[in-house]
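Next come the chains, spelled out residue by residue.
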Amino acid sequence: MTLALVSALLIANYTIEARLDTARHVITATETIRWQNATATPATELQFHLYWNAWRDDASTYRRESALGAIRPNADADNLTESDRSRIDITSIVIGDADLTSRQHFIAPDDGNAQDRTVMAVALPRPAAPGETLTIRVAWTAHVPRTFDRTGVVGNYYFIAQWFPKLGVWQDGGWNCHQFHASTEFFSDYGRYDVVMTVPSGWTLGATGVEQSRRDNGDGTTTHRYQQDDVHDFAWTTSPDYLERTATFQHPSLPPVTMRLLLQPEHADQAQRHFAATEIALRSYGEWYGAYPYGHITIVDPAFQSEAGGMEYPTLFTAGTDWIAPKQATTPESVTVHEAGHQWWYGMVGNNEFEDAWLDEGLNQFSEGRALAAAHVPNRYVAHFFGGFIPHVIPDVVLTRETDSNLLRAYRRVAHLESEATPSFRYFPNDAGGITYAKTALWLNTVERWIGWPALQRGMSAYFSAWKFRHPKPNDFFAAINRAAGRDLTPFIEQAYGSAKTFDYGIEHLDHETVVVRRYGDGVFPVDVAVRFADGSSTIEHWDGVDRWKTYRYDRRVLSADVDPDRVLLLDINWTNNSKTMEPRGGRAATKWSLAWLTWLQDALLSWASLA
């Protein structure tokens, strides 16, 4: 039986029947949606996401933005055929006894692109009153594409996501139903999913939820039924090539979780690594924020060249690894921890990813790095050769919580370009990762170093508890952190989140009696200044960082000075100016410059990496 959590307000409940034709790459399906108007405002129309129309032609907003930002190059190849593309066509929509098929029309609420067909609206025969429940019956056909944005088909591997007509969110007197954009993800209400999928017999199938039944139809097909309560999406996968493995997560104070792994045959020897990484997320996030409640989770190892790795769905996620996966590097560990972690930040806390993508991706990027570090997972930089096929570990370049996934490089490239408060779908397409993932992880790391992990952990745990199975907004997170910190962090948050200000502190001048520190950036943050003297003594100056510069004078011979010596301010865009020394260029100075060169080399190597 499916686990009934009885925790979420089940607003949009879907019963779906779908048949996959693998010869034509076509899904034929029907759905019945029971939708409740849970607001105080009548609804005069319904709005649906039809995500697969983003890849129907090159005129969609998604395709235009992809070309503008030169992102997802595999999907944006110039030689796409019709069989590579996708589409979703509504053949019938009925509400009660009213056939509304002829009323459907496409709208473009974000950019006015009349050729975009990712949002469909239909006028209601009469307004849906507050508290009223509608029964909506929809029939459609969809063509499965060559993989776009992690969904589609490659060979006999199918990963099916964002595949059904899905209602937007009715809130604040209107529909929150954005077009599909190239650099943002999704937003929908919680509900119960009861989904029947018919696929070729002998093909392994995995999906959101728990399998309730499996029926051989006697015609070469098998029908699988999955159910899940308290989720806001449903994804599935099928292939005849999967190896299936299972294990159980056990913990003295957290509920057990059955882990199901669907593995590519060439990765058979990596099964335990996938399980161990999933356990890191279940343990760390569970201890820090709150228990994983569903009792089951499915890990999908995507097919080679499917471009389907690294994506989250309720109770199911795609990982990603290499044929050769050195144990000194976190492949597949980092992506597995990250996507399993999304069961908290996206899955159970359902923020609006179109508008506030940082609120799940950034919190999860921070949590992933912390979880890997707490588990003492070794992480070396890996260079890839022959088109990414052959990995090579560079043993002397160690990735830390702050540099893992190239956070510093990704952030520094776009630090001055976007405010995080800008709705995520309005970011320039190629800027989103550096802001959404990297900047958030760095400023959360800064807050942790500033107020301490116990306070930050209390705040994040309280936020999770208050907003589980709900739709929070940024101020809800900030309020939880401020309460836990016992102080008002608003001045820093207004800069880090609410502006594109950059932080840069450094040593402007150093001689034997004088240290001059400077604020080169427009961001303000309190920093320490460590000064070391020739007699072997040292001192720490506490500077509020407000003025553009400050002078410290001493009656002892100064040897060196370092701004922010503990690297609390991880948003500093230039660490090369943080310190100066009066020591001669030999001995200790030579060592210092050698280490500086190695740091520069590490940054250069990291610049060739991509975000996980």
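What comes next concerns the included structure. Since we're looking at a predicted model, the values are computed, not measured. Sequence order as written defines the numbering, with residues in each chain counted from 1. Whole-chain, interface and lining totals are the exception, using all residues; otherwise, since this is a predicted model, local features are given only for residues with pLDDT of at least 70 and side-chain atom pairs are given and counted only at 80 or more. To get the side-chain values, take all heavy atoms of the structure and skip hydrogens and water.

Glancing now at the overall build of the chain. Helix and strand assignments follow DSSP, with helices taken as H or I runs no shorter than four residues and strands as E runs no shorter than two, numbered in order from the N terminus. If you tally the helices and strands in the chain, you get 10 helices and 32 strands. The rule is simple: take the accessible area with a 1.4 Å probe, protein chains only, and divide by the maximum for that residue type; under 20% is buried, over 50% is exposed, in between is partly exposed. Counting the 612 residues in the chain, one finds 58% classified as buried. In this analysis, two residues are considered to be in contact whenever any of their non-hydrogen atoms come within 4.5 Å of each other. Taking all contacts inside the chain whose residues are at least 6 apart in sequence as the whole, residues at least 24 apart take part in 71%. Computed with a 1.4 Å probe, the accessible areas rest on the Shrake-Rupley method; for each residue, only the protein chains presented here act as cover. Taken as a whole, the chain presents about 24,200 Å² of accessible surface, with 51% of it coming from carbon and sulfur.

With respect to the helices, strands and loops of the structure, Ser-188 is situated in the loop between strand E13 (174-176) and strand E14 (191-200). Of the residues examined, Ser-188 reaches a relative accessible area of 5% and is grouped as buried. Whenever a nitrogen or oxygen atom comes within 3.5 Å of another N or O atom, the pair is scored as a polar contact, on the condition that within protein one atom can donate a hydrogen and the other can accept it, and that pairs from neighbouring residues in sequence are kept only if both atoms are in side chains. Only 2.5 Å separates the side chain of Ser-188 from the backbone oxygen of His-232, close enough to count as a polar contact. For Ser-188, the contacting residues outside a window of four places in its chain are Lys-166, Leu-167, Val-169, His-232 and His-471.

Turning our attention to helix H3 (residues 333-341). The buried count for H3 comes to 9 of 9 residues, which makes it a mostly enclosed element. Among all positions in H3, only Glu-333, Ser-334, Val-335, Thr-336, Val-337, His-338, Glu-339, Ala-340 and Gly-341 are buried. At its buried positions, H3 is contacted by helix H2 (271-288), strand E22 (311-313), strand E23 (316-318), helix H4 (358-374) and helix H6 (432-451).

Right, let's talk about the environment of Leu-167 for a bit. Tracing the chain through its elements places Leu-167 in strand E11 (residues 166-167). Along the sequence, Leu-167 and Cys-177 sit 10 residues apart, while their C-alpha atoms lie 7.8 Å from each other.

When DSSP finds at least two bridges between two strands, those strands are taken to pair. Pairing in this open sheet of 4 strands is antiparallel, and the strands run E9-E10-E18-E15 from one edge to the other. In this open sheet, the two strands that pair with only one neighbour each are strand E9 (152-154) and strand E15 (204-207). Direction aside, the axes of adjacent strands within the sheet are offset by 10° on average. Only the contacting stretch of a helix is used when fitting its axis, a line to C-alpha atoms as for every element, and angles between N-to-C directions run 0 to 180 degrees.

So, on to the sheet that holds E22. Strand order in the open sheet formed by 5 strands is E19-E20-E21-E23-E22, and the pairing between neighbours is mixed. The outermost strands of the open sheet, each flanked by one partner alone, are strand E19 (243-249) and E22. Taking each pair of neighbouring strands and ignoring which way they run, the sheet shows an average axis angle of 15°. Sheet strands touched by H3: E22 and E23. Its angle to E23, the strand with the most contacts, is close to 150°.

For this analysis, a salt bridge means a side-chain nitrogen from Lys or Arg found within 4 Å of a carboxyl oxygen belonging to Asp or Glu. The final tally for this structure, using the stated rule, is 22 salt bridges. Linking Glu-82 and Arg-85 is a salt bridge whose minimum nitrogen-to-oxygen distance equals 3.9 Å. Classification of Glu-82 by relative accessible area gives exposed; the value is 58%. Between Glu-185 and Arg-150 there is a salt bridge; the shortest N-O distance is 3.9 Å. Of this pair, Glu-185 sits in the loop between E13 and E14 while Arg-150 sits in the loop between strand E8 (133-143) and E9, and the two are 35 residues apart along the sequence. For Arg-150, a relative accessible area of 17% gives the class buried. One network of salt bridges, in which partners are shared, links Asp-58, Arg-63, Glu-82 and Arg-85.

So, on to the nonpolar core. Ranked by size, the top nonpolar core spans 162 residues in total, and within it Trp-35, Leu-46, Ile-136, Trp-163, Trp-236 and Phe-477 carry the most contacts. The leading source of residues in this core is H2, at 8 residues. What Trp-35 contacts, discounting residues up to four positions off in sequence, is Ile-11, Ala-12, Ala-43, Leu-46, Ala-128, Glu-132, Thr-133, Leu-134, Ile-136, Leu-167, Trp-170 and Trp-175. Residue types Ala, Val, Leu, Ile, Met, Phe, Trp, Tyr and Cys, when buried and joined through side-chain atoms within 4.5 Å, form a set referred to as a nonpolar core.

A ring pair, where both rings are aromatic, is described by two values, the distance of the centres and the angle of the planes. Aromatic rings from Phe, Tyr and Trp, with only the six-membered ring used for Trp, were paired whenever their centres fell within 6.5 Å, and each pair was classed as stacked if the ring planes differed by under 30 degrees, edge-to-face if by over 60, and tilted otherwise. Inspection of every chain in the model, using the stated rule, returns 44 aromatic pairs. Consider the rings of Phe-180 and Phe-186, whose centres lie 5.6 Å apart with planes at 50°: the pair is tilted. In this structure, Phe-180 and Phe-186 share a single accessibility class: buried. Residues Tyr-292 and Tyr-294 carry aromatic rings whose centres are separated by 5.4 Å and whose planes lie at 65° to one another, so their mutual orientation is edge-to-face. With relative accessibility at 4%, the residue Tyr-292 sits in the buried group.

As a further point, take the pairing of E8. The pairing of strand E2 (residues 26-36) with E8 spans 11 bridges and is classified as antiparallel. Within E8, the residue paired with Thr-32 across the bridge is Arg-137. Pairing between strand E4 (residues 87-95) and E8: 8 bridges, direction antiparallel. Directly across from Ile-88, in E8, lies its bridge partner Ala-142.

Turning our eyes to something else, we now look at the environment of Asp-219. As for its position among the elements, Asp-219 is in the loop between strand E16 (210-216) and strand E17 (221-231). A C-alpha to C-alpha distance of 8.6 Å links Asp-219 and Ser-201, two positions 18 residues apart in sequence. At 2.5 Å, the side chain of Asp-219 and the side chain of Thr-221 are in polar contact.

On to the side chain of Thr-198. Here Thr-198 shows up in strand E14. One polar contact links Thr-198 to Thr-223, side chain to side chain, over a distance of 2.8 Å. Those residues in contact with Thr-198 that sit more than four places away from it in its chain are Ala-18, Arg-19, Leu-20, Asn-217, Thr-221, Thr-222 and Thr-223.

Let's shift gears to the packing of H3 against H4. For any two helices packed against each other, one specifies the inter-axial angle together with the distance between the axes. At a minimum axis separation of 9 Å, H3 and H4 run at an interaxial angle of 130°. The orientation of H3 with respect to H4, classified from their angle, is oblique. In terms of crossing hand, the pair formed by H3 and H4 is right-handed. Across from Glu-333, Ser-334, Val-337, His-338 and Gly-341 in H3, the residues of H4 making contact are Glu-361, Asn-364, Gln-365, Glu-368, Ala-371 and Leu-372. Any residue that is not Ala, Val, Leu, Ile, Met, Phe, Trp, Tyr, Cys, Pro, Asp, Glu, Lys or Arg is counted as polar, Gly included; the first ten are nonpolar and the last four charged. For the contact of H3 with H4, the per-class residue count stands at 3 nonpolar, 5 polar and 3 charged. Under this scheme an angle from 65 to 115 degrees is roughly perpendicular, one under 35 degrees roughly parallel, and one over 145 degrees roughly antiparallel; angles in between are oblique. What makes a crossing left-handed is the near helix being turned counterclockwise from the far one by less than a right angle; a clockwise turn instead makes it right-handed.

Limitation: the analysis is restricted to geometry and does not speak to function.
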